[in-house]
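Descriptive structure summary
Next come the chains, spelled out residue by residue.
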Amino acid sequence: VINCKAAIAWGPKQPLTIEDIEVAPPKAHEVRVKIVATGICRSDDHVLSGAISDMKFPAILGHEGAGIVESVGEGVKNLKPGDKVIPLFVPQCGECRCCTNSRSNLCDKHDIGPYIGLLLDRTSRFTCKGKPVYNFLSTSTFTEYTVLDEICVAKIDDNAPLEKVCLIGCGFSTGYGSAVNTAKVEPGSSCAVFGLGGVGLSVLIGCKVAGAAKIIGVDTNPDKFAKAKELGATDCINPNDYKEPIHEVLAKMSDGGLDYTFECIGNTKVM
């Protein structure tokens, strides 16, 4: 058992608190990982705000991390102590109906609503103050050590900088994949990206890699424009600077309409 610190979520609309916890050894087909870096996603915030209502508490949130394998359980073949890894909130068992279908990657063994909050054997490796603590999205990265099912871990290059690649766990792949895999942006096309946070900036990169000719970043915070242009935006606009509706502004900028638009805020009015 490893004693370490973690940020515990005790319930909706309650602050995270740093607590001493116990992390049990990995069981069969599990790995224990020392978390080196973690990002914060809006989904973590949704749990804390109460917007995700079927969560179980107390829990260790976080699903955008990177770390180093500390130990492995029985039967783990492709991972060893010392490997650099990214936890996966979408598992990859490689065997279920979704994993073997080219049109889907939402493995049947996921824990995305309704949330069980436990590993695949329906138990937790975390305890705090003598009580079990639930997992979040099969990962739980707001802790110094976590235990994951081996299908929820991706081994990465030994030279990868963990403070950067942690973003691949959620934000980067969500945005980049939206442009390249879901929308399939085509060379010479025009795109607009609403919201220039981590996901939006990743969409910009995807659109640029796909060869889009015009990429318009849209955000009410102009402080984000410099980074957006550095990563591929050809133009950046603030809706507050215009009297007419922003879709009319965009139509004028794109010869009557855009080929692709991406909403990266989570705002249904923008959608």
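Residues numbered from 1 in each chain as written. Predicted model: local features only at pLDDT ≥ 70, side-chain atom pairs only at ≥ 80, totals over all residues. Heavy atoms only, no water.

How big an interface is tends to be stated in terms of accessible area lost as the parts join. In terms of domain boundaries, the chain breaks down into domain 1 (2-169) and domain 2 (174-263). The straight-line distance from the C-alpha centre of domain 1 to that of domain 2 is 32 Å. (Domains from an automatic or database assignment.)

Counting 28 residues, the largest nonpolar core has Ile21, Val23, Met55, Ile60, Leu61 and Phe136 as the members making the most contacts within it. Listing elements by their share of this core, those giving two or more residues are β1 (2-8), β2 (17-23), β6 (126-128) and β8 (145-149). Top element by residues in this core is β1. It accounts for 5 residues. With residues near it in sequence (within four places) discarded, phenylalanine 136 still touches Ser43, Asp44, Val47, Met55, Ile60, Leu61, Gly62, His63 and Tyr115. (Core = buried A, V, L, I, M, F, W, Y, C linked by side-chain atoms within 4.5 Å. Buried < 20%, exposed > 50% of the residue type's maximum accessible area, 1.4 Å probe, protein only. Helix = DSSP H or I, 4+ residues; strand = E, 2+ residues; numbered from the N terminus. Contact = heavy atoms within 4.5 Å.)

This model, assessed by the stated rule, comprises 2 aromatic pairs. On the numbers, 5.1 Å between centres and 25° between planes, the contact of phenylalanine 172 with tyrosine 176 is stacked. A residue pair is termed a helical-turn pair when its members lie 3 or 4 positions apart in one helix, as phenylalanine 172 and tyrosine 176 do in helix α3 (residues 171-182) at 4 residues. What makes phenylalanine 172 partly exposed here is its relative accessible area of 27%. (Phe/Tyr/Trp six-rings, centres within 6.5 Å; stacked < 30°, edge-to-face > 60°.)

Now for the pattern of salt bridges. Taken as a whole and assessed by the stated rule, the structure comprises 11 salt bridges. A salt bridge links glutamate 70 to arginine 32; the nearest nitrogen and oxygen atoms lie 2.6 Å apart. Of this pair, glutamate 70 sits in strand β4 (residues 65-72) while arginine 32 sits in strand β3 (residues 30-38), and the two are 38 residues apart along the sequence. For arginine 32, a relative accessible area of 7% corresponds to the buried category. Each of Lys27, Glu30, Asp121 and Arg125 takes part in one network of salt bridges that share partners. (Salt bridge = Lys/Arg side-chain N within 4 Å of Asp/Glu carboxyl O.)

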